[in-house]
Amino acid sequence: MNGTIYRIENSLGEGAYRGRPWVSIEDFCPDADNHPSPNRDSGLKASAPHLYDEDECFMEGEFFFGFSSIPQLKAWFYNDKLLEAFDEKGYFLVELEGEVYHGNAQSVINKSTSILKNKTSLLDICS
């Protein structure tokens, strides 16, 4: 299904959850339950069961992670200090269109179909 996602990434196309040491999500958002992985997002499993293997693990390689809306993104990254820290490290907000599947907490877009529609500073969405 075609649609739009909003994503935080750097100039290399790496998303906010690449495990890089320079910005730690745990420093700002210590409760991982507020940030379910795709394996724990029942809405994503329901909308795209074909993206999970027989053990119900998400097959990540072909997809970028993002959010269905700016409010959903802000609910996940609910501390403006975190957005400011990502901005300082060269991350920005992108809007992508392509083959999208939405979950309860996040969305995914097929990398091969994604088209960049907009790129802006993360500071633009801070309160």
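Keep in mind that what you see is a predicted model, and the values were worked out from it rather than measured. Along each chain, numbering runs from 1 in the same order as the chain's sequence is written. Note on the predicted model: pLDDT of at least 70 is required for a residue's local features to be given, and 80 or more for side-chain atom pairs to be given and counted; whole-chain, interface and lining totals, by contrast, use all residues. Remark: hydrogens and water are excluded; side-chain values derive from all non-hydrogen atoms of the structure.

1. Focus: the pairing of strand β4 (residues 107–110)
The test is simple: Buried, partly exposed and exposed residues are distinguished by accessible area as a fraction of the type maximum, computed with a 1.4 Å probe on protein chains only: under 20%, between the cut-offs, and over 50%, respectively. Secondary structure elements follow DSSP: runs of H or I of four or more residues count as helices, runs of E of two or more count as strands, with numbering from the N terminus. Two strands pair if DSSP finds at least two bridges between them.
Side chains S107 and I109 of β4 all project onto a buried face; the interleaved residues V108 and N110 project onto the opposite face, where all are buried too. Of the strand pairs in this sheet, strand β2 (residues 63–66) and β4 are connected by 4 bridges, and their pairing is antiparallel. Bridging across to β4, F64 finds its partner in I109. One ladder, built from 3 bridges, connects strand β3 (residues 92–102) with β4; its direction is antiparallel. Note on β4: the bridge partner recorded for H102 is S107.

2. Re the pattern of salt bridges
We count it as follows: Salt bridges, as used here, are contacts in which a Lys or Arg side-chain nitrogen is within 4 Å of a carboxyl oxygen on Asp or Glu.
Enumeration over the complete set of coordinates arrives at 3 salt bridges. Notably, a salt bridge pairs D80 with K74, separated by 3.0 Å at the nearest N-O pair. In terms of burial, D80 and K74 fall into one category: buried. In this structure, K117 and E97 form a salt bridge, with 4.0 Å as the shortest nitrogen-oxygen distance. Residue K117 is located in strand β5 (residues 115–120), and its partner E97 is located in strand β3; the two are separated by 20 residues in the primary sequence. Under the relative-accessibility criterion, K117 is labelled partly exposed at 47%. Given a relative accessible area of 32%, E97 falls into the partly exposed group.

3. A word on the nonpolar core
The tendency in soluble globular proteins is for nonpolar side chains to be buried side by side. The condition that has to hold: The nonpolar core is taken to be a set of buried Ala, Val, Leu, Ile, Met, Phe, Trp, Tyr and Cys residues, with the residues joined through side-chain atoms within 4.5 Å. In this description, contact between two residues means that some pair of their heavy atoms is separated by no more than 4.5 Å.
If you look at the biggest cluster of nonpolar residues, it comprises 16 residues, and the most contacted ones within it are I8, L73, F77, L83, F86 and L122. If you list the elements that add at least two residues to this core, you get β1 (2–9), α3 (70–76) and α4 (80–88). If one sorts the elements of this core by residue count, α4 sits on top with 3 residues. Aside from chain neighbours lying at most four places away, what touches L73 is Y6, R7, I8, F67, L83, L93 and I125. Counting residues in each nonpolar core, the second largest holds 8 residues, with L44, A48, Y101 and V108 among its members.

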